Amino acid sequence: QCQLSGLWRNDQDSLMEISALRDNGDFQGQYLTRVTLSGGCAQISPLKGTQQKLGEGGWPTFAFTVRWDKFSNATTAFVGQCFVDAGGKEVLTTTWLLREPVRSLEEDWKATR
């Protein structure tokens, strides 16, 4: 069974720490991104999310947002699922959307990656 709480490292060497899940599935934590280095230092940003209750015979799905603190006014939303691979290692797979502010409705087309 997958447990979201704990320390996770992604393919870009960024770190995410998720606190213990509440009974309702909510969680919070922090994201230490190494993708956008500011002055050579990785930046810590807060995250909040929720996990669906585990269904019978399945792996949990989850969603969370990261508010990039101090170095960007963008927000990223992640959705994903937790699995255990053949070697017994817990793996999170996610899809993400990053939204940056733009100055006008006409620029909206370039605001989301």
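Bear in mind the structure is a predicted one, so any value in this text is a computation, not a measurement.

## Concerning the pattern of salt bridges
Two side chains of opposite charge can pair, provided their charged atoms sit close to one another.
(1) Moving on: Under the criterion given, the structure shown has four salt bridges.
(2) Moving on: Arg-99 serves as the salt-bridge partner of Asp-108, at 2.5 Å between the closest nitrogen and oxygen.
(3) Moving on: What makes Asp-108 partly exposed here is its relative accessible area of 33%.
(4) Moving on: Judged by relative accessible area, which is 37%, Arg-99 ranks as partly exposed.

## Some remarks on the side chain of Gln-51
(1) Moving on: Within the secondary structure layout, Gln-51 lies in strand β4 (residues 41-51).
(2) Moving on: When its relative accessible area of 12% is taken as the criterion, Gln-51 is described as buried.
(3) Moving on: Setting aside residues no more than four positions away along its own chain, Gln-51 makes contact with Leu-4, Leu-21, Gly-25, Phe-27, Pro-60, Thr-61 and Phe-62.

## Remarks on the nonpolar core
(1) Moving on: Among the nonpolar cores identified, the biggest contains 16 residues, and Met-16, Tyr-31, Leu-47, Phe-64 and Val-66 are the most heavily contacted of them.
(2) Moving on: For this core, the elements supplying multiple residues, two or more each, are β2 (15-18), β3 (26-38), β5 (61-67) and β6 (75-84).
(3) Moving on: The greatest single-element share of this core, amounting to three residues, is contributed by β5.
(4) Moving on: The contacts of Met-16, once residues within four sequence positions are left out, are Gly-6, Leu-7, Trp-8, Gln-30, Tyr-31, Leu-47, Phe-64 and Leu-92.

## Examining unusual backbone geometry
(1) Moving on: Positive phi outside glycine occurs at Asp-13, with the angle close to 70°.
(2) Moving on: Mapped onto the elements, Asp-13 comes out in the loop between β1 (6-9) and β2.

## Notes on the packing of aromatic side chains
(1) Moving on: Under the defined criterion, the tally for this structure stands at five aromatic pairs.
(2) Moving on: Here Phe-64 and Phe-78 contribute two aromatic rings whose centre-to-centre distance is 4.6 Å and whose plane-to-plane angle is 15°, an arrangement assigned as stacked. Separated by 14 residues along the polypeptide, Phe-64 in strand β5 and Phe-78 in strand β6 bring together distant segments of the chain.
(3) Moving on: Overall, the relative accessible area of 3% leaves Phe-64 in the buried class.
(4) Moving on: Given a relative accessible area of 9%, Phe-78 falls into the buried group.
(5) Moving on: Among the aromatic residues, those joined into a cluster by ring pairs are Phe-27, Tyr-31, Phe-62, Phe-64, Trp-68 and Phe-78.

Rules used in this analysis
- Residues numbered from 1 in each chain as written.
- Predicted model: local features only at pLDDT ≥ 70, side-chain atom pairs only at ≥ 80, totals over all residues.
- Heavy atoms only, no water.
- Salt bridge = Lys/Arg side-chain N within 4 Å of Asp/Glu carboxyl O.
- Buried < 20%, exposed > 50% of the residue type's maximum accessible area, 1.4 Å probe, protein only.
- Helix = DSSP H or I, 4+ residues; strand = E, 2+ residues; numbered from the N terminus.
- Contact = heavy atoms within 4.5 Å.
- Core = buried A, V, L, I, M, F, W, Y, C linked by side-chain atoms within 4.5 Å.
- Phe/Tyr/Trp six-rings, centres within 6.5 Å; stacked < 30°, edge-to-face > 60°.

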